[in-house]
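Structure assessment
Here's the letter readout for the chains.
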Amino acid sequence: MPDVAFHFNAPDRLGYACRLLRKAYLRKARLFVWVTLQDLVKLDAALWTMNAGEFVPHCRSDDPDLVRARSPIEIGDQLPQVRDHLILVNLRHDMPDEPAAFERVIEVVTLDEADRGPARERWRQYKARGLEPQRHDLQLAPSD
């Protein structure tokens, strides 16, 4: 069963995701970031324009197979078919169809009530599937 972590109170979903992905990349993790089509374009651009020395190698799920096979981080609006050894970063309001297929699931939740309501529902859905989500309040976390 995967670990499920809700990162609550992110002031900016995409900005927080960029920092999270950078840390994960430095730890040599393999991730899939599930986003809406609109956020896919924004996140892709944000990852390409991070500060000098903070580049995060990534690809989009519509890139060629060779590129996707060599990229530690893939972003897309459709969940991948192969999920073994992948960490899912969910930036959507949807529940992944098979969260147990991932090594770990990270849910990013902003301060916006329109984001928090669907997050509460996903929390309940994880619990109904026998998964015990962990809460990480970003407002209480020490800054890096």
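Below, the structure is looked at part by part. (Residues numbered from 1 in each chain as written. Predicted model: local features only at pLDDT ≥ 70, side-chain atom pairs only at ≥ 80, totals over all residues. Heavy atoms only, no water.)

**Description of the overall build of the chain**
Within the chain, the secondary structure is distributed over four helices and seven strands. Taken from N to C terminus, the helices and strands of the chain fall in the order β-α-β-α-β-α-β-β-β-α-β. A globule of 144 residues ought to have a C-alpha radius of gyration of about 15 Å, and the chain, at 14 Å, matches this closely. For the chain, the spread of C-alpha atoms along the principal axes amounts to about 40 × 35 × 30 Å. (Helix = DSSP H or I, 4+ residues; strand = E, 2+ residues; numbered from the N terminus. Rg over C-alpha atoms; globule rule 2.2 N^0.38 Å.)

**Section: the sheet that holds strand β5 (residues 87-90)**
What the seven strands build is an open sheet, ordered β3-β4-β2-β5-β6-β1-β7; its pairing is parallel. Single-partner strands in this sheet number two, and they are β3 (59-60) and β7 (134-137). In terms of strand pairing, strand β2 (residues 31-34) meets β5 through four bridges, oriented parallel. Residue pairing in the sheet places Val33 in a bridge with Val89 of β5. Packed onto the sheet, helix α1 (residues 13-26) meets β1 (3-10), β2, β4 (73-76), β5 and β6 (104-110) and runs at close to 150 degrees relative to β6. Helix α4 (residues 113-128) contacts β1, β5, β6 and β7 of the sheet and is inclined by roughly 155 degrees relative to β6. (Pairing = 2+ DSSP bridges. Contact = heavy atoms within 4.5 Å. Axes fitted to C-alpha atoms, helices over the stretch in contact; angles between N-to-C directions.)

**Quick notes on the side chain of Asn9**
Structurally, Asn9 is set in strand β1. The class for Asn9 is buried, based on a relative accessible area of 7%. Here the side chain of Asn9 touches Arg116 through a polar contact of 2.7 Å, side chain to side chain. Here Asp137 takes part through its side chain, which lies 2.7 Å from a polar atom of the side chain of Asn9. Not counting residues within four places of it along the chain, the set of residues in contact with Asn9 comprises Val109, Thr110, Leu111, Arg116, Arg135, Asp137, Leu138 and Gln139. (Buried < 20%, exposed > 50% of the residue type's maximum accessible area, 1.4 Å probe, protein only. Polar contact = N/O pair within 3.5 Å; in protein donor to acceptor, adjacent residues only side chain to side chain.)

**Some thoughts on the environment of Phe102**
For Phe102, the location among the structural elements is in the loop between β5 and β6. A relative accessible area of 3% places Phe102 in the buried class. C-alpha separation for the pair Phe102 and Leu86, spaced 16 residues apart in sequence, amounts to 5.5 Å. When sequence neighbours within four positions are dropped, the list of residues in contact with Phe102 reads Pro2, Leu79, Pro80, Arg83, Leu86 and Leu88.

**Considering the nonpolar core**
Ranked by internal contacts, the top residues of the largest apolar core, which has 24 residues, are Leu21, Leu31, Val33, Leu43, Val89, Leu91 and Val108. Looking at this core, the elements with two or more residues in it are α1, β2, α2 (37-48), β4, β5 and β6. Looking at this core element by element, the count peaks at seven residues for α1. Beyond its immediate sequence surroundings of up to four residues, Leu91 is in contact with Arg13, Leu14, Ala17, Val33, Trp34, Val35, Leu43 and Val108. Of all hydrophobic cores here, the second largest spans 15 residues; its members include Leu79, Met95, Phe102 and Val105. (Core = buried A, V, L, I, M, F, W, Y, C linked by side-chain atoms within 4.5 Å.)

**Points about the packing of aromatic side chains**
Scanning all chains against the criterion turns up five aromatic pairs. Taken together, the ring pairs in this structure connect Phe6, Phe8, Trp123 and Tyr126 into an aromatic cluster. Over the aromatic face of Phe8 sits the side chain of Arg135, whose NZ or CZ is 4.5 Å from the ring centroid. (Phe/Tyr/Trp six-rings, centres within 6.5 Å; stacked < 30°, edge-to-face > 60°. Lys NZ or Arg CZ within 6 Å of the ring centre and 35° of its normal.)

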